[in-house]
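Listed below are the residues making up each chain.
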Amino acid sequence: MRPRRRAKLLLCTALLFTSSNAHAQRPTGADADRMVAVTISTADPERPPAVGNSVQRVCPASPVESLPAWNVDGWHAYQRLWNELAADPDAPVLRRYLGLPIGSAAARSTFMIKSSRGRSAPRWLGWRSGSYRQVETPHLQLFSHADEQTTREIATDLEHVYWVWTQLFFPLWDGSQQVALHLQDVAADQSVASALANSRARMSSRRKLRIVLLKDADDYARTLGQSTPGIEQSTGFYSDERQTSFFYPSTSADAVASRRHELIHQLFREATRSRLTGELPGARSDFWLIEGIAGYFESLHRDRCRATVGGWDSPRLQFARYRVLGGRDLIPFQEMRADGHASAQQRSDLARWYANAIAYTHGFLDGDSVANRRWIYQQLAALYEIPIDIPSSGSVESPAPSPAPSPERTLVDFLKVDDHQLRSNPTTRPLTQLCLSGCETSPDGLASLSATSDWTWIDLSRQPIATDELTRLCPTPVRLDQLSLEATQVDDSIAPWLGQAAGLRELDLSWTRCGDPTIASLAGHTNLKTLWLTGSGVTDAAIATLASISSLESIDVQRTQITSDGLARLKTLRPDCNVNPLQLRVQ
């Protein structure tokens with residue numbers, strides 16, 4: 001999760017990570033920076049049907065990388081099947097093959113879901129027969145202490161995740177060989193539906209994934225607390241030993257992301273042809289990818305029949321930009337690779353490690369290198385011991401073909417989005433967090449983002465934007481929790497807008513032209529804890545207002561027009577406040 005407070009290093013020079021056009025990994029074109037799959041929905045004549053792109057992103061030859069094509073039996077036909085379903089969501093032949101409801105049954109439920117009083121929960125749960133709900137979907141078996149409606153909603157979301165995962169990671173899925181056999185005779189000029197019209201073939205699942213849904217956070221902590229110390233800090237957990245995922249109901253974005261994260265662990269472990277026994281995946285090294293790929297799927301966004309995973313707008317990438325571009329906080333890739341499960345979990349900087357793991361995964365899968373994407377599939381197959389031959393241009397010891405920029409350089413360049421990328425890859429997800437710190441955007445690029453008052457975190461540090469661009473992006477900042485405008489072109493014209501941001505807990509106006517009128521607009525704020533005014537235009541006239549903000553815990557006024565007498569007065573009025581917490585240095 002994004003930290004509430006920042007360890008901020010103030011520099012007077014350019015960013016540590018400068019632009020490198022020769023090495024840039026910036027995808028171009030619509031959906032070039034994300035994976036697209038088809039998801040089950042009703043027909044929508046006002047929208048073009050979704051088109052999956054995983055085959056096109058992973059399988060083509062790349063002469064510039066000396067990479068041969070990867071011909072995966074059945075994958076292209078399977079993607080065509082889903083594309084046809086997107087164009088005709090009611091197609092009975094395709095729905096029957098996939099095991100989806102047909103006709104009036106489809107109007108009642110997205111998936112076939114059966115619910116009954118529970119009688120077959122695993123003994124180790126210790127649940128009395130009949131004291132819980134048992135819900136069965138085509139691929140999941142849920143034992144639930146939650147109410148039936150909530151259980152059905154969670155089961156439906158997880159079924160959607162399952163189908164998206166099968167499209168993106170078809171070569172590793174244990175159902176791929178079955179599909180390849182069923183679709184082997186589909187001609188290039190023939191629809192998949194017509195090829196299946198007279199066939200009795202139906203997809204079948206080798207086993208169902210077990211999910212335990214607890215009643216609430218207390219029930220979750222009570223059930224798992226003894227066997228899993230610290231579990232109360234999480235909202236979901238996959239037990240490799242029990243081969244079971246544990247959740248509790250919550251509609252928060254973090255909880256939804258956590259459920260998808262843990263299900264991805266379960267899918268790679270139980271819905272592949274994994275031969276791994278006796279130890280956890282990534283036990284000895286490369287555990288970064290086990291967590292990275294699960295974190296990558298936290299970005300999954302469904303919009304009618306279209307599902308995307310990845311993209312510049314992924315929530316986790318906002319944190320990555322904050323850490324890597326804004327904070328120069330990048331863990332070397334070889335250090336990441338060296339950590340196995342135990343050593344990673346013992347790190348004192350675990351949150352930082354997770355952020356880097358997910359960022360590297362995004363960089364490899366969302367960047368413009370086919371070889372890097374395919375390398376991820378290779379590594380996942382190796383870590384889960386899935387028998388598969390994946391053609392590559394480099395050894396598994398190398399994250400990219402040689403010669404190439406370093407993984408660190410590749411990641412930094414990938415994170416630096418620009419106007420073209422913002423315009424070419426418009427987001428459809430409801431954004432609440434945005435970090436473009438250290439990027440190469442302008443007001444033109446920012447104008448491509450939809451205005452909303454739902455923002456909770458905005459970081460536009462060092463971007464050439466003024467007050468008008470900010471207030472267009474966020475008309476009413478009532479939900480804003482953190483705002484960083486360091487080294488932007490905002491000035492005191494922002495004061496009325498800031499006055500509405502009563503929920504702000506951290507504000508950074510360093511190196512802006514904001515002065516005393518802006519500070520006056522903060523007089524009534526009761527939640528503001530951290531205020532960065534370094535290099536701004538404030539003077540001694542703002543001391544009384546600053547001292548009156550009782551919630552303030554930390555304030556930096558170095559390089560301002562506040563005099564030494566003014567600074568002494570502030571410290572006298574607010575001895576409880578940490579004034580100038582960091583020593584400003586010049587690099």
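Residues numbered from 1 in each chain as written. Predicted model: local features only at pLDDT ≥ 70, side-chain atom pairs only at ≥ 80, totals over all residues. Heavy atoms only, no water.

Caption draft 1: Spotlight on the pattern of salt bridges. Going through the model one piece at a time under the given rule, you end up with 27 salt bridges. Between Arg-316 and Glu-298 there is a salt bridge; the shortest N-O distance is 3.0 Å. Linking Arg-316 in helix α11 (residues 315-326) with Glu-298 in the loop between α10 (287-296) and β8 (301-303), this pair joins segments that are 18 residues apart in sequence. The exposure class of Arg-316 is partly exposed, given its relative accessible area of 21%. Residue class for Glu-298 comes out buried when judged on its relative accessible area of 16%. For Arg-323, the salt bridge is made with Asp-329, and the minimal N-O distance between the two is 3.3 Å. Taken individually, Arg-323 and Asp-329 each receive the classification buried, so the pair is uniform in this respect. Each member of the salt-bridge network shares a partner with another, and the members are Arg-323, Asp-329, Glu-335, Asp-339, Arg-347, Asp-349 and Arg-352. (Salt bridge = Lys/Arg side-chain N within 4 Å of Asp/Glu carboxyl O. Helix = DSSP H or I, 4+ residues; strand = E, 2+ residues; numbered from the N terminus. Buried < 20%, exposed > 50% of the residue type's maximum accessible area, 1.4 Å probe, protein only.)

Caption draft 2: Region of the structure containing the sheet that holds strand β6 (residues 236-239). With respect to topology, 6 strands assemble into an open sheet ordered β2-β3-β4-β5-β7-β6, the strand pairing being mixed. A strand with exactly one partner marks an edge of an open sheet, and here the two such strands are β2 (114-117) and β6. Within this sheet the neighbouring strands show an average axis-to-axis angle of 20°, counted without direction. Of the strand pairs in this sheet, strand β5 (residues 209-213) and strand β7 (residues 244-247) are connected by 4 bridges, and their pairing is parallel. (Pairing = 2+ DSSP bridges. Axes fitted to C-alpha atoms, helices over the stretch in contact; angles between N-to-C directions.)

Caption draft 3: Quick look at the environment of Arg-462. When you line up the elements, Arg-462 lands in the loop between β11 (457-459) and α19 (467-473). For Arg-462, a relative accessible area of 27% corresponds to the partly exposed category. At a separation of 2.8 Å, a polar atom in the side chain of Arg-462 contacts the side chain of Ser-437. (Polar contact = N/O pair within 3.5 Å; in protein donor to acceptor, adjacent residues only side chain to side chain.)

Caption draft 4: Representation of unusual backbone geometry within the structure. Although it is not a glycine, Gln-243 adopts a positive phi angle of roughly 50°. Along the chain, Gln-243 falls in the loop between β6 and β7. A positive phi angle, near 60°, is found at Arg-559, a position not held by glycine. Relative to the helices and strands, Arg-559 is located in the loop between β15 (554-556) and α23 (564-573). Judged by its relative accessible area of 49%, Arg-559 falls in the partly exposed class.

Caption draft 5: Structural detail: helix α5 (residues 148-168). Given a rise of 1.5 Å per residue, 21 residues ought to cover 30 Å, and the 31 Å separating the end C-alpha atoms of α5 matches this to within 8%. Looking at where α5 begins, the residue whose side-chain oxygen comes 3.2 Å from the main-chain nitrogen of Gln-149 is Asp-147. (Expected span 1.5 Å × (residues − 1).)

Caption draft 6: Broad picture of the packing of helix α14 (residues 350-366) against helix α16 (residues 407-415). Contact geometry for α14 and α16: axes closest at 9 Å, N-to-C directions at 80°. Taken together, the axis directions place α14 and α16 in an arrangement best described as roughly perpendicular. When α14 is examined against α16, the residues Ala-359, Tyr-360, His-362, Gly-363, Phe-364 and Asp-366 are found in contact with a partner set consisting of Pro-407, Glu-408, Leu-411 and Phe-414. (Parallel < 35°, antiparallel > 145°, perpendicular 65-115°, else oblique. Contact = heavy atoms within 4.5 Å.)

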